[in-house]
Amino acid sequence: MLLIRTYIAQSAIEGVGVFAVEPIKKGSSIWRLDPDFDRLIPMEKYKAAPPHLKELLDRYAYPSPDRPGFMVYEVDNGRFMNHAERPNTDFSQYGGATATRDIAADEEITCDYGEFFEDFARLHLATA
């Protein structure tokens, strides 16, 4: 669940992205896992889902790093956060994230998918 105010807008990275409503200070907590807003979906349910739902989850969900057999689907704007090689957030400590530098109002908030999606680099290279 995002702990900061955000909005969705067109991204120079890809499609749409998450942008800061107001400035965020370096070191600020910006996200934490909250089961009320970050849905844990069993892989069996994913595998049995109709194609249109699988497509949605393929795009906006990721394997749970600490709950094997589950996917995480963020209900808030967090699901629109784009990957960056040099992100302005740190998700390396699963369960929470912080700003790695000051983030300006109206700046896109980015993350390194590899910090919480172990196979991201291999999958990204295979589909690039």
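Calculation rules
Residues numbered from 1 in each chain as written. Predicted model: local features only at pLDDT ≥ 70, side-chain atom pairs only at ≥ 80, totals over all residues. Heavy atoms only, no water. Helix = DSSP H or I, 4+ residues; strand = E, 2+ residues; numbered from the N terminus. Rg over C-alpha atoms; globule rule 2.2 N^0.38 Å. Pairing = 2+ DSSP bridges.

> What is the right way to look at the overall build of the protein chain in this model?
Each helix and strand in the protein chain was counted, giving three helices and ten strands. Going from N to C terminus, the protein chain has its helices and strands arranged as β-β-β-β-α-α-β-β-β-β-β-β-α. For 128 residues, the compact-globule estimate of 2.2 N^0.38 gives 14 Å, and the protein chain sits close to it at 14 Å. Structurally, the protein chain occupies a C-alpha span of about 40 × 30 × 25 Å along its principal axes.

> Just checking my understanding: could you explain the sheet that holds strand 8 (residues 89-90) for this structure?
Sheet strands pair by backbone hydrogen bonding; their relative direction is either parallel or antiparallel. Taken together, three strands build an open sheet; the order of strands is 3-9-8 and the sheet is antiparallel. The open sheet has two edge strands with one neighbour each: strand 3 (29-32) and strand 8. Taken together, the two bridges between strand 8 and strand 9 (residues 96-99) define a ladder with antiparallel strand orientation. Its bridge partner lying in strand 9, Asp 90 is registered against Thr 98.

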